[in-house]
Structure formats: C-alpha cells, structure tokens
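One letter stands for each residue in the lines below.
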Amino acid sequence: MRLALHGPDERPALIAGEPRVWYCEAAVGHPRSTARALLQSILGDGLGMAPRIEFEAGRPPRVDATWQGLVLFLSLSYAGTRALVGVCPGRPIGVDITPVEPVPGMASLARLYLGPAAEATLAAAAESCRAQVFAGLWAELEARGKCLGLGLEEWSPVHAGRLGDPSLRLSSSEWCGHAVAVATLTAARTPCLRSPPAG
C-alpha cells in the first residue's frame, strides 16, 4: 500500500486505527530535537493541549494523554538530517526511513537479517537498482519490528514468523532519496515488552 507523507505544517485529522506520518528535516546535525518538537506540536494540535511525552532510550515515545479514549501509539525514525514522526490512535505503529545508497556488504546483511527470500530478491535485482531494493527491504524490516516491539535480530524462521504477523499492515513510499515504511496492526493489542530503538 502506498503511504501518504505529511509536511511539518500539515495537520490531517486523526482517525482511529489509521497511521499518520510526517517528515521533517534539521537544518544541521541530528534531527532528534526537530522530530520531537514536531511530535509535540502534532499532539498539541490534535489534543488541544500540550501533553507530556516520555522519551526513553530503546523504547518508542509515550504520551500521557489519549485521543477519544484511545491510546496514541508513536514512532520516530532518523536518517542523516531527516526524520519521520508516526502517530496512530488505538493501534501500534512502527516507522522507518532508510537512505537509498550503496551499503558495503548488502548481500551479507540481507542474508544475516532479511532472510533467504529477501536475499534472492536482492540478488535478482539489476545492479543499478540494488541499493533501492535493499533500502526498501530494510525499511520494511525495521518498521515491522518497531510496530511489534521487537528488536533487530538475525534472521531465523521463528523471528521471520513473528515479523510476518498476518495482522500487520505495511505501507511504503520514497522521500528525498530515502525508502520509507510504516507498519501498523489491524487489531488493537499491546506490542511485545521489548522495544527497538526509536531511531
């Protein structure tokens, strides 16, 4: 499914169970503070108040307010000076942004983390397209893991089974030379206790 990305000044209406994803960019350096300020603004506009957002290393952000009685699930991702901010009322969300650029050892990384099917897809891609294919596959892997509260692990049939959860819905896009992926669950439930890094 194709994903709609929103600019920092856009405020689309929040809808229960529907992901909303914004992009932003820092003028210089890491975009963490830019993305956090955007998230605060989004939630402030959507809730009509300035909620307290908790940022903890290794976990997605959490907010101390609800929207129409629903938990607001949040996700952030960073790449260079660019970032994504994801919000979904009532359902877990995971977002990822991955630069489309040659990565040393792409085939080895695909074998180690993405699994045999992705490795074969990458090998079958034309040389000129491999960086784009790899970035798309990697962004999907990260978004799935974040949505489910799973950290990055080496590929195994068990881990692949978890990431292939049939209740997971995946959307993808491209923005400014980056692959973007967003995963949400089609039914409300709590992700695993382990959470991946917010970036």
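A brief structural summary.

What counts as what
- Residues numbered from 1 in each chain as written.
- Predicted model: local features only at pLDDT ≥ 70, side-chain atom pairs only at ≥ 80, totals over all residues.
- Heavy atoms only, no water.
- Pairing = 2+ DSSP bridges.
- Helix = DSSP H or I, 4+ residues; strand = E, 2+ residues; numbered from the N terminus.
- Contact = heavy atoms within 4.5 Å.
- Axes fitted to C-alpha atoms, helices over the stretch in contact; angles between N-to-C directions.
- Polar contact = N/O pair within 3.5 Å; in protein donor to acceptor, adjacent residues only side chain to side chain.
- Phe/Tyr/Trp six-rings, centres within 6.5 Å; stacked < 30°, edge-to-face > 60°.
- Buried < 20%, exposed > 50% of the residue type's maximum accessible area, 1.4 Å probe, protein only.
- Lys NZ or Arg CZ within 6 Å of the ring centre and 35° of its normal.

## Structural notes on the sheet that holds strand β6 (residues 70-79)
Sheet strands associate in pairs through backbone hydrogen bonding, adopting either a parallel or an antiparallel arrangement. Sheet architecture is open: 5 strands sit in the order β1-β2-β7-β6-β5, paired in mixed fashion. Two strands bound the open sheet, and with one partner strand each, they are β1 (5-6) and β5 (66-67). Sheet topology note: the β5/β6 ladder contains 2 bridges and is antiparallel. Each bridged residue has a counterpart across the sheet, and for W67 the counterpart in β6 is L70. Sitting on the sheet, helix α1 (residues 32-47) touches β2 (20-25), β5, β6 and β7 (82-89), and the angle it makes with β6 is about 155°.

## Considerations on the environment of D96
By the element assignment, D96 lies in strand β8 (residues 93-99). Placed 44 residues apart in sequence, D96 and E140 show a C-alpha to C-alpha distance of 7.4 Å. Not counting residues within four places of it along the chain, the set of residues in contact with D96 comprises S77, L84, W138, A139, E142, A143, K146, A179, V180 and A181. A polar contact of 2.7 Å, which involves the side chain of D96, links it to the side chain of T98.

## Points about the packing of aromatic side chains
Under the defined criterion, the tally for this structure stands at 3 aromatic pairs. Between the aromatic rings of Y23 and W175, the centroid separation amounts to 4.7 Å while the plane-to-plane angle is 35°, which identifies the pairing as tilted. Here Y23 is found in strand β2, whereas its partner W175 is found in strand β9 (residues 168-175), with 152 residues between them in sequence. Judged by centre distance (5.7 Å) and plane angle (25°), the ring pair of F134 and W138 falls under stacked. Of the two residues, F134 and W138 both sit in helix α4 (residues 130-148), 4 residues apart, roughly one turn of that helix. Since its relative accessible area comes to 5%, F134 is described here as buried. Through pairs of rings, three or more aromatic residues link up here, namely Y113, F134 and W138. Geometry around F55 places R36 over its ring, the cationic atom sitting 4.1 Å from the centre. Across from the ring centre of W175, 5.5 Å away, lies the NZ or CZ of R82, which sits over that ring.

As far as function goes, none of this settles anything; it's purely spatial.
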